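Inside the fold
Letter by letter, the chains look like this.
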Number of protein chains: 2
Amino acid sequence: MKTINVALLGFGSVGQSFAQLLLEKREEIEKKYDTTVNVVAITTKTRGNLVDAWGIDLERVLKNIQDTGVFPKMSETMLQRNSLDVAEAVEYDVLVEMTPLEFATGQMATDHVKAALKRGKHVICANKGPLAWHYKELEALAKENNCKFLFETTVMDGTPVFSIVRENLKMCQVTEIRGILNSTTNYILQGLEMGKTCKEIVAEGKRRGFIEANPKNDVEGNEAAAKVAVLANVLMGAELTPDDVEITGIEDITKERIDEAAARGNVIKLICRVYEKDGKIYGKVSPEEISRLNAYATVTGTSLVISITTDLMGTMTIIEESPETEQTGYGIFADLLTVIEDM
Amino acid sequence: MKTINVALLGFGSVGQSFAQLLLEKREEIEKKYDTTVNVVAITTKTRGNLVDAWGIDLERVLKNIQDTGVFPKMSETMLQRNSLDVAEAVEYDVLVEMTPLEFATGQMATDHVKAALKRGKHVICANKGPLAWHYKELEALAKENNCKFLFETTVMDGTPVFSIVRENLKMCQVTEIRGILNSTTNYILQGLEMGKTCKEIVAEGKRRGFIEANPKNDVEGNEAAAKVAVLANVLMGAELTPDDVEITGIEDITKERIDEAAARGNVIKLICRVYEKDGKIYGKVSPEEISRLNAYATVTGTSLVISITTDLMGTMTIIEESPETEQTGYGIFADLLTVIEDM
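The paragraphs below set out a description of the structure included in this document. (Residues numbered from 1 in each chain as written. Chains lettered and ligands numbered in written order. Predicted model: local features only at pLDDT ≥ 70, side-chain atom pairs only at ≥ 80, totals over all residues. Heavy atoms only, no water.)

1. Remarks on the pairing of strand β10 (residues 280-291) of chain B
Residue and element names in this part refer to chain B. Note the threshold: At least two bridges found by DSSP between two strands are what make those strands a pair. Runs of E in the DSSP output that reach at least two residues are strands. Runs of H or I that reach at least four are helices, and both are numbered from the N terminus.
Bridging between strand β8 (residues 246-247) and β10 involves two bridges; their strand directions are parallel. Paired with Ile247 across the bridge in β10 is Val285. Looking at chain direction, strand β9 (residues 266-277) and β10 are connected through 12 bridges and run antiparallel. Bridge pairing in β10 links Leu270 to Pro287. Counted along the chain from β9 to the antiparallel partner β10, the turn is two residues long, and its residue Asp278 has a positive phi close to 50°.

Below is the structure:
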């Protein structure tokens, strides 16, 4: 039986979902791949850090987090190291980057990823930052060091997007990408249409757990723009940063504006676009009027949609229906299985 | 440079699209996979057969078909062999089964596939018949002989469905499948809604080339039922034949019935379902009322949709937008690349 050692940076709801899957599927992985997955480090901002070369007891960790919100006291393994120390110094085979997104720079996540790739370690990155700001460099680093660099969850949670283009649309050139990729704004627009105030909608979304404490970056389109940059860079070979994306948020969308659109048989959605013009790749995020007869008009709640157009296969549209945190956890899990399959 | 020898059974519009892709991508395949694809046999019902171990000149064949409708006179290679003879006796590495579907039995296609697998040859099957009627047996035969048995185009043309479950939804258990999988009936229902008569709609569809000479099997739901059986067998481990699928066609759907549904805010679609109940897998094809607010209501023209629900990833819905024959050709091409990648 082989062992694969995994270090987790960040352990929020997604990290916990991933850990839960590792527990549930432990036997199946051992049986199918003759491999044991060993989590050797978990770092967090506020819950403490765990490092244990023998493998951390995930069941105990998850239970303790549920009960107390912090890690169990395992004094011998509890270190004062930060995430970068772990990325640079701990012995692992795969680094899973799940720290919170820093919009302006894509840091510290980028440094974590670089540190791992330079050491020849595989990286699974759930953080859009490194891809939105430094994809080309990181991809080259991964190639140079013969490492896997996977990031399925950065767009549409666990729904396969990058892996579909990589594995299933072989030899196809992506010529255009479109999507509704930010659920917070989609949810707010839907609420406005129903006559609720923005404040009410955000409060409800927070209560239900899918709107962040400060949804400014969602509302202003920055979160969607980061995804646009990732898609442009990975699938269309661009070198865009979020700063290069033309962004209009939904701050100025009013109930009146929505009613006007409705009178024309349309709804307003925050649409992400990546497209080519005169040999250059552009990214755009802006509210657009969409016909009620278009599939995009039916994407509501926390559902998301992406359309990928290629030279050989035309347009394929994928709707992720009402995803939960578990789906993002699965996306990381699927990336890990891809690493295991190739080891 | 490796050589992979391919035999094509059937050479209608899909076969020609596939051949066109082989021509266009010849250099790219050679460069990427260090492999030359050699078509060593093409059999047809009415156009004659070609067998040439040195490789058939596809450019010449395609041009000749365009110009004359039959194969060029290459007397030395033109044989009186039928498809089964070719499957059984010609030297090839991959058999591509593209003969017309025989609804009642899945023959002769099943015999072609069996003959190839027994000889240890890989099979790409674009024909639903063998999968709808004999999947379990053929899958076992492929395993026993260590062959690839691929069939991406049998459902949703070239859109990845089987390969997504196989490659991208690793370790997920499919728990339910739903879809609009027959474009002829979807197109007819849409036309009826617009007030056209069935006769007019079918005539128009035939003129535009996507409704078959005799659409009886489409209208009565048999074509959709064959797809339901394939999906149930491949993705949910069932042993259904089309005879086991509960089928209601659209023969009795009238403009009045559609208007009644419209008054309730609904449209009528021919929905395919595969589901589990009390540990048994069921297949069903029937007209259903779908809310206009559902993505399925927006699937019109020749577009198709499938929703795959799994234990770990919830529901993922894939819309294939206005496919052409080229997309089916691509599906076969992608299956061939999968074979090449593994050789």
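From this point on, the discussion continues.
2. Let's talk about unusual backbone geometry
Omega for the peptide link from Gln107 of chain A to Met108 of chain A comes to -20°, which places this bond in the cis form. Its place among the elements puts Met108 of chain A in the loop between β4 (94-97) and α5 (109-118). We note that Asp278 of chain B has phi near 50°; this positive angle belongs to a residue other than glycine. In this fold, Asp278 of chain B is placed in the loop between β9 and β10.

3. Things to note about the relation of the copies chain B and chain A
Test applied: The fit set for superposing copies consists of C-alpha atoms from residues with pLDDT of at least 70 in both; the fit itself is least squares. Residues count as neighbours in contact if any of their non-hydrogen atoms are within 4.5 Å of one another.
Expressed as a screw operation, the relation of chain B to chain A combines 0.0 Å of axial shift with a rotation of 180°, fitting to an RMSD of 0.0 Å. The operation mapping one copy onto its partner corresponds to a two-fold rotation axis. Both copies share a contact surface, since 100% of the interface residues of chain B are interface residues in chain A too.

4. Focus: the packing of aromatic side chains
Rules: Each Phe, Tyr or Trp ring, with Trp reduced to its six-membered ring, pairs with another whose centre is within 6.5 Å; inter-plane angles below 30 degrees give stacked pairs, above 60 give edge-to-face pairs, and intermediate values give tilted ones. Relative accessible area decides the class of each residue, using a 1.4 Å probe on protein chains only: under 20% of the type maximum gives buried, over 50% gives exposed, and in between gives partly exposed. Over a ring means this: the NZ of a Lys or the CZ of an Arg is within 6 Å of the ring centre and within 35 degrees of the ring normal.
Applying the stated rule across the entire model yields 16 aromatic pairs over all chains. Look at Tyr187 of chain A and Phe210 of chain A: their rings are 4.6 Å apart centre to centre, the planes differ by 90°, and that puts the pair in the edge-to-face class. With Tyr187 of chain A in helix α8 (residues 183-193) and Phe210 of chain A in the loop between α9 (198-208) and α10 (216-219), this residue pair connects regions lying 23 residues apart in the sequence. Judged by relative accessible area, which is 8%, Tyr187 of chain A ranks as buried. Ring centres 6.5 Å apart and planes at 20° place the aromatic pair Tyr135 of chain B and Phe149 of chain B in the stacked group. Of the two residues, Tyr135 of chain B sits in helix α6 (residues 128-144) while Phe149 of chain B sits in strand β6 (residues 149-150), which places them 14 residues apart along the sequence. Take Tyr135 of chain B and Phe149 of chain B: they sit in the same class, and that class is buried. Over the aromatic face of Tyr92 of chain A sits the side chain of Lys121 of chain A, whose NZ or CZ is 5.9 Å from the ring centroid.

5. Concerning the pattern of salt bridges
If the charged atoms of two oppositely charged side chains come close together, the side chains can form a pair. Filter applied, for reference: By convention in these notes, a salt bridge is any Lys or Arg side-chain nitrogen within 4 Å of a carboxyl oxygen on Asp or Glu.
Going through the model one piece at a time under the given rule, you end up with 38 salt bridges over all chains. A salt bridge links Lys170 of chain B to Glu341 of chain A, with the shortest nitrogen-to-oxygen separation between them at 3.2 Å. On the criterion of chain membership, the pair formed by Lys170 of chain B in the loop between α7 (162-168) and β7 (174-180) and Glu341 of chain A in helix α13 (residues 325-341) is interchain, its members lying in two chains. Assessed through its relative accessible area of 8%, Lys170 of chain B is described here as buried. Its relative accessible area of 39% is what places Glu341 of chain A among the partly exposed residues. Salt-bridge contacts for Glu289 of chain B lead to Arg264 of chain B; the nearest nitrogen and oxygen are separated by 2.6 Å. Taken together, the positions of Glu289 of chain B in strand β10 and Arg264 of chain B in the loop between α12 (255-263) and β9 put the pair 25 residues apart, joining distant regions of the chain.

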